[in-house]
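Fold and contact review
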Amino acid sequence: MSNRRYGYYYTAPLVFWVLAFFLIPISIILVFSFLKKGLYGGVIYEFSLSAYQSLLNPTLFKVLITTLYMSCVATLLTLMLAIPTGYFIARSKHKNFFLFLIIIPFWTNFLIRIYAWIAILGNNGFLNQFLIKSGLLENSIQFLYNPLAVILVLTYTYLPFAVLPLYSTIEKFDFSLLEAARDLGATKFESFYKILLPNIKSGIFSAILFVFIPAFGAYAIPQLVGGRNSFMIGNIIARELTVTRNWPLASAMSSMLTFITIIGVLYFLRENNKGSKNKTNVKA
Amino acid sequence: MSKHKTSSFNRGLYSTSMFILTIFFFYAPILVLLIFSFNSSKSMMWEGFSWRWYSDLIYKSPALWASFDKSLIIAFFSALVSTFIGTIGAIGLYWYNIKFKKTLQLMTVVPMLLPEIILGVALLIFFSSAGMKLGLFTIFLAHTTFCIPYVFLIVMSRLDEFDKSIVEAAYDLGATELIVLTRIIVPICIPAIVAAFLISITLSLEDFVITFFVAGPGSTTLPLYIYSMIRFGVSPVINSLSVIILIATVILSLLSLKFAKGIFK
C-alpha cells in the first residue's frame, strides 16, 4: 500500500486518457472561444472577444432565455413527480420491483423515448387519429414543434434521473420524525415542508443537477420535437459547428455550458459535505 | 411503524397517486409503441393484427442491420478498453497514495456530469484540429471516453466494500504485487467488472448525441440510423425495432443488475 510506484503504473492509462480525450479537448474549446473565426471554418489565431459579444445579440440571447425557461420548467415538473414517487417507493414493501419499473425507462434507448412521443403527438400520430376518428376533431392539431412539447419530452426523458437519487435519500430518512411532528400538532403540509424537505435536501439537489444540466444542454429533443420558437443552446452549438462553421461561437457557448455545470457540481459537493456533518436538521 | 393515528392510507394518498401518474407517464408511450408495432396498416390507426413490421425489420432493412453491426463492433471494443482503463485506474487510485489523487478522481468523473453535447463538440474540434479522419475509430475513442467514468465508479464502490485486511495479510505473507492484483483484487472485483462491461456496452449502443458529432461519412451507427428514420417521419418499422430494443434492454439491465448486486442499493 505504501508503494506509490505501482499506483502510478495502474493509473497511467487513465491519466493518459483523461488528458488526451477530455482535458486537452476542453482546453482547446476554451482557447478557441477567444479566437477569431476562420473564413471557411476553423479559427484564426488572433485574440478576440467577438464570440462572447455575439452571445449577447438579441437572437442568441433570446435562445439563451428560452433554454433557461424550458429547462427550469422541466426540472420543476420533474421534481413535482419525482419527490412523491421516491417517497412512495421508499415506504412501500415492494421497493425492488418498483425501482425496477423506474430503471427500465431509464435504460431504454433515448431516441426511442423521444420517438414514442412523436408517434403519439405527431400530425398523423395516435392522438390526432384517435380524436378525428371519434369525431372530436375535423383536422389534425399540431401538438409538436412548440416549447410545450420540448418541456414534456425533457421531463419524460430525465424523470428517472431524479427519482433514483431522491429515492435513496428518502429511504434513509427517519419517518417517525413526521409522525412526531404530526403528534405535536403540525399540519401535513408543515411536517412535509419543515421536516421532510430539509432532510432530503441533498437528494433534491442531486436530482436538480441530474435533470437541469442535461436539459440545459439538450440537443436531440428540441431538434426532433421543437420548432423555431423552441430552439435551445444545443441546437445553436450544432448549427454553428456544422453549418455556419463559426467555431469560436460554438466553443464559447460550450465553454459557458461547461462553466455552469462545474459551478453546479462544486456547489453540490459543498452542500453535500455540509449535509453530512449535521445529519438531521429540523428547520425551526 | 404505523401505530399512530395517521393510517398508511391517509399518509400515502398523495404520493400513491403521483406514483401511479409517474408509472402511467413512463409506460403509456411505450405501450402505444408496443401495440402499434403489431398494426397491419401503416398509420397510427388500429386496423388489425400483423407481424408485417417485424418481418420488414428482419428481412427488408439491410441498411439498419449494417448500422447495427457497426454499433456492435464499437460497443465491444470501447467497452473492453474502458473496462480495462477504468478498472486498473480505480485500483491504482484506491490502493495507493499517489499525488493529485482527488484531482484525478474528479477529472475522471466530470465527463459523466457534463451535458453530452460538450464532449461531442470538444472531441469534434479536437479530432479535426489533429487532422484525424472522422469515422468508426473516432467514435470508438469518444465512446471509451464517456464509458470510463461509469466503470471507474462501479469498480471504486466495489473496492470500498471489501475487507482490506485480506490484502494486507497477503502482503505480510510475502505475496508480490502481481499476485495480490491477479489473485485477490481482480477476482474480488469480477462482478463489478462484468457489470461495468455490460453497462459500457449498453451506453455505447445507445449513444446518439456524442456519436452524431464525431461520426464521419460511412460510419452510421444504429442510433444515427434511427435518428435519420425518425426525421423522415413515423414508420411502423421503428415501432417494431423499438419493441425489440426494449426487450434487449430489459435483459441487459437485468443481467448487469444481477452482477452489480450490492453496488446499486
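Residues numbered from 1 in each chain as written. Chains lettered and ligands numbered in written order. Predicted model: local features only at pLDDT ≥ 70, side-chain atom pairs only at ≥ 80, totals over all residues.

Helices and strands together make up the secondary structure of chain B, namely 11 helices and zero strands. Walking chain B from its N terminus toward its C terminus, one meets helices and strands in the order α-α-α-α-α-α-α-α-α-α-α. By the compact-globule yardstick of 18 Å for 265 residues, chain B is too spread out, its C-alpha radius of gyration being 23 Å. Projected onto the principal axes, the alpha-carbon positions of chain B cover approximately 75 × 70 × 30 Å. (Helix = DSSP H or I, 4+ residues; strand = E, 2+ residues; numbered from the N terminus. Rg over C-alpha atoms; globule rule 2.2 N^0.38 Å.)

Below, the discussion takes up the overall build of chain A. Counting its regular elements, chain A contains 13 helices and two strands. In terms of overall dimensions, chain A has C-alpha extents of about 75 × 70 × 35 Å along its principal axes. For chain A, the residues scored as buried account for 45% of the 284 residues in total. Nonlocal contacts in chain A, meaning residues at least 24 apart in sequence, comprise 72% of its contacts between residues at least 6 apart. (Buried ≥ 20, exposed ≤ 12 C-beta atoms within 10 Å, placed from the backbone. Contact = placed C-beta atoms within 7 Å.)

On to the interface of chain A and chain B. If you look at the interface, chain A gives 74 residues, while chain B gives 70 residues. With 20 residues, helix α1 (residues 4-32) of chain A is the single largest residue contributor to the side of chain A that touches chain B.

Moving on, we come to helix α12 (residues 233-242) of chain A. Residues three or four positions apart in an α-helix share a direction because the helix packs 3.6 residues into each turn. Where burial is concerned, most of α12 of chain A is hidden: eight out of the 10 residues are buried. Those residues of α12 of chain A that fall on the buried side of the exposure criterion are Ile233, Gly234, Asn235, Ile236, Ile237, Ala238, Glu240 and Leu241 of chain A.

Turning to the pairing of strand β2 (residues 43-47) of chain A, a few remarks are in order. Residue and element names in this part refer to chain A. Looking at chain direction, strand β1 (residues 35-37) and β2 are connected through three bridges and run antiparallel. Looking at the pairing, Lys37 lines up with Val43 of β2. With antiparallel pairing between neighbouring strands as the criterion, β1 and β2 make up a hairpin whose turn holds five residues, including Gly41 at a positive phi of roughly 85°. (Pairing = 2+ DSSP bridges.)

On to helix α7 (residues 147-172) of chain A. Residues and elements named next belong to chain A. Taking 1.5 Å per residue, 26 residues should reach 38 Å; α7 reaches 37 Å between its end C-alpha atoms and fits that length. Tyr158 marks the point of greatest bend in α7, at about 45°, and the proline Pro160 comes within the next four residues. With 21 of 26 residues buried, α7 lies mostly within the body of the structure. (Expected span 1.5 Å × (residues − 1). Bend = angle between axes of the 7 residues up to and from the residue.)

For Tyr145 of chain A, which is not glycine, the phi torsion reads 60° and is therefore positive. Although it is not a glycine, Phe100 of chain B sits at a positive phi angle of roughly 60°. Relative to the elements of secondary structure, Phe100 of chain B occurs in the loop between α3 (62-95) and α4 (101-113).

To continue, consider the environment of Ile73 of chain B. Within the secondary structure, Ile73 of chain B sits in helix α3. For the pair Ile73 of chain B and Asn239 of chain B, spaced 166 residues apart in sequence, the C-alpha to C-alpha distance is 24 Å.

Turning next to the packing of helix α6 (residues 136-161) of chain B against helix α8 (residues 177-206) of chain B. Residues and elements named next belong to chain B. Contact geometry of α6 with α8 gives a least axis separation of 9 Å together with a crossing angle of 155°. The angle between α6 and α8 places the two elements in the roughly antiparallel class. Our pair here, α6 against α8, has a crossing hand that is right-handed. The residues of α8 that touch α6, namely those facing His143, Phe146, Cys147, Tyr150, Val151, Ile154, Val155, Arg158 and Leu159, are Cys189, Ala192, Ile193, Ala195, Ala196, Ile199, Ser200, Leu203 and Ser204. Tallied by class, the residues present in the contact of α6 with α8 amount to 14 nonpolar, three polar and one charged. (Axes fitted to C-alpha atoms, helices over the stretch in contact; angles between N-to-C directions. Parallel < 35°, antiparallel > 145°, perpendicular 65-115°, else oblique. Left-handed = near helix turned anticlockwise from the far one by under 90°. Nonpolar A, V, L, I, M, F, W, Y, C, P; charged D, E, K, R; others polar.)

All names here are of chain A. Closest axis-to-axis distance for the helix α5 (residues 110-121)/α7 pair is 10 Å, and the angle between their directions is 140°. On the basis of their axis angle, the class for α5 and α7 is oblique. When the axes of α5 and α7 are compared, the crossing they make is right-handed. Together, Phe110, Arg113, Ile114, Trp117 and Leu121 of α5 and Ala149, Leu152, Val153, Tyr156 and Thr157 of α7 make up the contact between the two elements.

This part takes up the environment of Arg183 of chain B. All names here are of chain B. When you line up the elements, Arg183 lands in helix α8. On the basis of neighbour count, Arg183 is assigned to the partly exposed category, with 13 C-beta atoms found within 10 Å. Taking the C-alpha atoms as reference points, Arg183 and Ala170, 13 residues apart in sequence, are found 9.9 Å from one another.

With that settled, the discussion passes to the confidence of the model for chain A. Residue and element names in this part refer to chain A. The predicted model of chain A has a mean per-residue pLDDT of 88, with 95% of residues at 70 or higher. At the low end of the mean pLDDT range in chain A sits helix α13 (residues 247-277), at 84; at the high end sits helix α11 (residues 220-225), at 95. Within the model, pLDDT remains below 50 along residues 279-284, and this stretch shows eight contacts once partners closer than five positions in the same chain are excluded. (pLDDT = per-residue confidence, 0-100.)

Should the pLDDT be low somewhere, the predicted coordinates at that spot are not to be read in detail. All names here are of chain B. For chain B, the average pLDDT comes to 88, and 93% of its residues sit at 70 or higher. Low pLDDT (under 50) marks residues 1-10, which in the prediction has eight contacts with non-local residues, meaning those over four places away or in another chain. Reported confidence for the predicted complex is 0.89 by ipTM and 0.89 by pTM.

Mapped onto the secondary structure, Gly89 of chain B falls in helix α3. Along the backbone, Gly89 of chain B and Val151 of chain B are 62 residues apart, and their C-alpha atoms lie at a distance of 9.7 Å. Ignoring any residue separated from it by four or fewer positions in sequence, one finds Gly89 of chain B in contact with Tyr10, Thr11, Pro13 and Leu14 of chain A together with Thr108 and Phe152 of chain B.

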